[in-house]
Amino acid sequence: MRQVRKREGKMIKAYCLGEDHPMIERLIGEGKIRQVDAGHWRVFSQEAEKGELAESGDYVKLDSSGAPYPNTREFFKKNHRHVDGDDYEQIPKWLNAWCLEDGICPEIRFLIEHKGLVINEENEDACFRAPLWGDMLTAARDAVIVFYELEYDAGGEIVEADFNFVAKDEFDKVYLSE
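Residues numbered from 1 in each chain as written. Predicted model: local features only at pLDDT ≥ 70, side-chain atom pairs only at ≥ 80, totals over all residues. Heavy atoms only, no water.

Glancing now at empty space enclosed by the protein. Throughout the structure, instances matching the rule amount to one cavity of 30 Å³ or more. By volume, the largest cavity amounts to about 120 Å³. Forming the boundary of the largest cavity are Arg5, Lys6, Phe75, Asn79, His80, Gln90, Ile91, Pro92, Lys93, Leu95, Tyr148 and Tyr175. Of all elements in the fold, only β1 (2-6) and α2 (73-79) reach the threshold of two or more residues within the lining of the largest cavity. (1 Å grid on protein atoms, 1.4 Å probe; cavity = no way out; pocket = protein on both sides within 12 Å on 5 of 7 lines; lining within 4 Å. Points joined across faces, edges and corners; volume = space filled by probe spheres on them. Helix = DSSP H or I, 4+ residues; strand = E, 2+ residues; numbered from the N terminus.)

Written out as structure tokens, the structure reads:
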């Protein structure tokens with residue numbers, strides 16, 4: 001397990017699902033997001049198979065490849081500072097991250113036992129698989145698992161974990177390691 005954080009002063013553009021915006025319309029036209037009903041959306045990130053489930057009010061950011069990915073409204077507001085228009089600055093904070101070469105640790109064991117993480121080292125393109133955002137997401141063997149939050153009980157046992165897969169090229173562009 002390693003400590004990582006997003007790069008200082010990283011500026012991004014973000015768009016609120018459910019609000020009229022030319023970028024949301026463009027992403028719909030390109031098939032990268034799809035409105036399911038009045039309050040729900042499917043966002044087709046790099047890792048999604050049938051689209052990550054998001055709600056109106058959640059935010060969509062674009063990764064360096066142009067693929068969208070959702071952030072819940074609560075997470076987005078807590079971790080981004082509005083600058084102007086669609087421009088936001090990411091507020092960097094230290095997070096835990098893991099990649100296959102780190103070996104199995106208690107946090108990864110928790111994901112396997114309680115969060116449906118499957119690791120198939122024989123599959124280069126879909127080594128990691130887990131139910132996230134209402135979809136079964138997959139990631140390549142060189143992807144990084146980033147933990148956005150880990151909760152422990154009084155005895156030090158893991159009781160909850162919020163995580164996601166980050167493609168290696170995206171991780172290298174966005175994160176700094178300790």
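Our next topic: the confidence of the model for the chain. Looking at the chain, pLDDT values average 93 and 100% of them are 70 or higher. Averaged over each element, pLDDT in the chain is lowest for strand β16 (residues 175-177) (87) and highest for strand β11 (residues 118-119) (98). (pLDDT = per-residue confidence, 0-100.)

Ordered in space as β15-β14-β10-β1-β16, the five strands form an open sheet in which the pairing is antiparallel. Each of the sheet's edge strands pairs with one partner strand only, and the pair in question is β15 (158-166) and β16. The mean angle between the axes of side-by-side strands here comes to 40°, regardless of whether they run parallel or antiparallel. As defined by bridge partners, strand β14 (residues 144-152) adjoins β15 across eight bridges and the pair is classed as antiparallel. If you follow Val144 over to β15, its bridge partner there is Val166. (Pairing = 2+ DSSP bridges. Axes fitted to C-alpha atoms, helices over the stretch in contact; angles between N-to-C directions.)

In space, the five strands of this open sheet follow the order β7-β6-β2-β9-β8, with antiparallel pairing throughout. A single partner strand is all that each edge strand has here, and the edge strands are β7 (68-71) and β8 (80-84). Mean inter-strand twist for the sheet, computed between neighbouring axes without regard to direction, equals 40°.

Inspection of the secondary structure puts Cys127 in the loop between β11 and β12 (128-132). Along the sequence, Cys127 and Arg141 sit 14 residues apart, while their C-alpha atoms lie 4.8 Å from each other. Other than its neighbours up to four places away in sequence, Cys127 contacts Leu100, Val118, Ile119, Asn120, Glu121, Ala139, Ala140 and Arg141. (Contact = heavy atoms within 4.5 Å.)

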